[in-house]
Amino acid sequence: MNEIPTETLSGLKREDFMIELQGKSVDLFFLRNSAGNEVAITNYAGAIVAIMVPDRNGKYANVIQGHDSIKAKLSSPEIFLSTLIGRYGNRICQGKFTLDGKEYTLAQNDGENSLHGGPTGFHARVWDAEQLDTQTLKLNYVAEDMEEGFPGKLNVEVIYTWTDCNELKIDYKATTDKKTIVNLTNHGYFALAGLANPTPTIEDTICEINADHYIPVDETCIPLGTIDSVEGTPFDFRNPKAIGKDIDAPGNAQMKNGAGYDHCYVLNKKEEGELSFAARIYEPNSGRMMEVYTTEPGMQMYTNNWGEGHEGTLGATYPRRSAICFEAQHFPDSPNRPYFPSTVLCPGEVYTQTTIYKFCVR
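Residues numbered from 1 in each chain as written. Predicted model: local features only at pLDDT ≥ 70, side-chain atom pairs only at ≥ 80, totals over all residues. Heavy atoms only, no water.

Engineer: Teacher, can you tell me more about the overall build of the chain here?
Structural biologist: On a plain count of helices and strands, the chain comes out with 2 helices and 30 strands. Whereas a compact globule of 362 residues would reach a radius of gyration of roughly 21 Å, the chain reaches 19 Å, a difference of no more than 12%. Structurally, the chain occupies a C-alpha span of about 55 × 50 × 35 Å along its principal axes. For the chain, the proportion of its 362 residues judged to be buried stands at 59%. (Helix = DSSP H or I, 4+ residues; strand = E, 2+ residues; numbered from the N terminus. Rg over C-alpha atoms; globule rule 2.2 N^0.38 Å. Buried < 20%, exposed > 50% of the residue type's maximum accessible area, 1.4 Å probe, protein only.)

Structural data, given as C-alpha cells:
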C-alpha cells in the first residue's frame, strides 16, 4: 500500500524518488492526518523529506530540510540530512571499542573518529517499506554481522506514525544474534520558519531543554569524561532563550570545540526509559512550535554549524545555522565509557526506543 494523495501539500512527486538501488525499490511515502497535514518519507535512509504544518495564520510550509528527488539525495553534501542513523549514532573515539575482550575497528569517517555508524551506515541504505495505513509507515533493515565493523546480525524495525495531534512518533526496535552495540536516532534538520532561499537562521528561535547537565567534549567532539552542570554556561536552556544568545560566547572552549552547539544533553528523568519531555522550540515569526519527547537518556543538540548553503527541496537553500537537530540517543562513545548508560545489546534482548516530535502553533 502506497496511496498518493491527489494533491500533495509539499509539492513532492513520488516518481522523482522511484529507482532501483541496492537491489531494492526506493519510493516516496506520504502520511496524512485528519487535519490534512502531511509528512513525506523515503525508504532510502528512512529520510524525512517533508513535514507540512501551518503557521499561526494557517499558511503551510515544509519545516524539515531534505531533498526533492532521490538523485539530489544521493548527491547531497550533507549525507545525514534528516535520515535514520545507526548502528551507532554520534561518535566512537578513534573508531575502536572492546566487547568481551575483543577489539573491533570501525571506519574513521570524522577525523580519527567513527561517526553515525560509518560511511555506509543506516543513512546510506535502502530499507524495506510497508505503508500500514494513511498515517503509518513501517521500515525494516537487516544489518549483517560485521557490517561497517559491528558484530552481530541486527534486525531493525522503525515505525513512523503521523498522529491526529500533529505528532511524528518514531518507534524503534532491534534484535541481534550476537552481542553488539546499538544506538539509533533520527537526524532531522528542523527549520520551523519554513524552507526558503535562503532558509532563515534558527538563532532567533526560542529553545528550552529539560536537562540540568550536558557532556563536554574535546576539539574532536569526543567526551572529556565528565558530566557537567549547565548552570552558568551557554548550555543552560532550562529557561527558554534564543538559540543565538550564547552560541558564539567569547572565550568558551566548548562552543569553540563544537563550532556552536554540537553536544549531548543528559535529560532529566524520573526513571530510566520513561517517555518524557526533552525540549521545546518556538519560532516567533511563524508562531510554530515543536516539542520533543523521548525514552532515551540523552539528546544531541546540533545547530547546523557546518551548513554551506547547498540547495535542497524545490529551490530552497540551507545556510549555516538554518536548522536545529534534536537527536534522541544514548551518549557518545558509550562503548568506551563504562560509567555511561550501556549501549550493549545481547541475543534474546530487544532494543526499543520511542521519540516524538510534536508540532503546534501559538
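Engineer: Explain the nonpolar core here, please?
Structural biologist: Note on soluble globular proteins: their nonpolar side chains tend to be buried together. Grouped together as the largest cluster of nonpolar side chains are 57 residues, with contacts concentrated most on I51, Y160, I209, Y265, M301, F326 and F359. Looking at this core element by element, the count peaks at 5 residues for strand β14 (residues 154-162). Judged by nonpolar contacts, the second largest core, of 14 residues, contains L12, V26, V49 and A124. (Core = buried A, V, L, I, M, F, W, Y, C linked by side-chain atoms within 4.5 Å.)

Engineer: Which parts of the structure should I look at to understand the environment of I41?
Structural biologist: Residue position: I41 is located in strand β4 (residues 38-42). Accessibility expressed as a relative area gives 0% for I41, which makes it buried. Among all residues touching I41, those that are not within four sequence positions of it are D27, L28, F29, L31, G46, A47, I48, V49, L137 and Y160. (Contact = heavy atoms within 4.5 Å.)

Engineer: Hey, could you run me through the environment of N268 in this one?
Structural biologist: Checked against the element boundaries, N268 lands in the loop between β22 (262-267) and β23 (276-282). According to the relative accessible area criterion, N268 is partly exposed, its value standing at 23%. Once the C-alpha coordinates of N268 and I79 are considered, the two residues, 189 residues apart in sequence, prove to be 31 Å apart. In contact with N268, other than residues within four places in its own chain, are N210, A211, D212 and S276. One polar contact links the side chain of N268 to the main-chain amide nitrogen of D212, over a distance of 3.2 Å. (Polar contact = N/O pair within 3.5 Å; in protein donor to acceptor, adjacent residues only side chain to side chain.)

Engineer: Got a minute to help me understand the sheet that holds β4 in this structure?
Structural biologist: Strands pair in a sheet through their backbones, by hydrogen bonds, and they do so in one of two ways: parallel or antiparallel. Reading across from one edge, β3-β4-β5-β6 is the order of the 4 strands in this open sheet, with antiparallel pairing throughout. Of all strands in the sheet, those bounded by a partner on one side alone are β3 (28-32) and β6 (60-62). Taken pair by pair, the neighbouring strands of this sheet meet at an average axis angle of 15°, ignoring direction. With 3 bridges joining them, strand β5 (residues 48-54) and β6 adopt antiparallel strand pairing. Along β6, the bridge assignment pairs V53 with A61. (Pairing = 2+ DSSP bridges. Axes fitted to C-alpha atoms, helices over the stretch in contact; angles between N-to-C directions.)

Engineer: How should I be thinking about the sheet that holds strand β19 (residues 211-215) in this particular structure?
Structural biologist: On the basis of which strands lie adjacent, the open sheet formed by 5 strands has the order β20-β19-β22-β25-β28 and antiparallel pairing. Only two strands of the sheet have a single neighbouring strand rather than two, namely β20 (228-229) and β28 (325-329). As judged from the 5 bridges shared by strand β25 (residues 298-302) and β28, these two strands associate in the antiparallel manner. Bridge pairing in β28 links G298 to Q329.

Engineer: Help me understand the pairing of β28 in this model?
Structural biologist: Here is the key point about a regular strand: its side chains alternate between the two faces of the sheet. The element β28 is extensively covered by neighbouring structure, given that 5 of its 5 residues are classed as buried. Alternating residues of β28 divide into C325, E327 and Q329 and F326 and A328, and every residue in both groups is buried.

Engineer: Help me out: how do you make sense of unusual backbone geometry in this one?
Structural biologist: Glycine aside, residues mostly have negative phi, and peptide bonds are mostly found in the trans state. Residue R87 follows G86 across a cis peptide bond; omega there is 0°. Tracing the chain through its elements places R87 in the loop between β7 (84-85) and β8 (91-92). Backbone torsion omega between N197 and P198 reads 0°, so that peptide bond is classified as cis. Along the chain, the position of P198 falls in the loop between β17 (185-186) and β18 (206-209). One non-glycine residue with positive phi stands out, namely E148, at about 55°. Looking at the secondary structure, you find E148 in the loop between β13 (136-143) and β14. Given a relative accessible area of 17%, E148 falls into the buried group. For D333, which is not a glycine, the phi torsion comes out positive at approximately 60°. With respect to the helices, strands and loops of the structure, D333 is situated in the loop between β28 and β29 (344-345).

Engineer: Would you mind showing me how to read the pairing of β4 here?
Structural biologist: Most of β4 is tucked away, with 5 of its 5 residues classed as buried. Side chains E38, A40 and T42 of β4 all project onto a buried face; the interleaved residues V39 and I41 project onto the opposite face, where all are buried too. Note that β3 and β4 share 5 bridges and pair antiparallel. Following the sheet pairing, F29 is matched in β4 by I41. Counting the residues between successive antiparallel strands, the hairpin from β3 to β4 contains 5 residues, one of them, G36, with a positive phi of roughly 85°. Connecting the antiparallel pair β4 and β5 is a turn made up of 5 residues, with A45 showing a positive phi of about 70°.

Engineer: Whenever I open this one, the packing of aromatic side chains confuses me. Can you help?
Structural biologist: Two aromatic rings, taken as a pair, are described by how far apart their centres are and by the angle between their planes. A full pass over the atoms with the stated rule returns 16 aromatic pairs. Ring centres of W162 and F359 lie 6.3 Å apart, and the angle between their planes is 65°; on these two criteria the pair is classed as edge-to-face. Separated by 197 residues along the polypeptide, W162 in strand β14 and F359 in strand β30 (residues 351-361) bring together distant segments of the chain. The class of F359 is buried, set by a relative accessible area of 4%. Centroid distance F237 to Y261: 5.3 Å. Interplanar angle 65°. Geometry classified as edge-to-face. (Phe/Tyr/Trp six-rings, centres within 6.5 Å; stacked < 30°, edge-to-face > 60°.)

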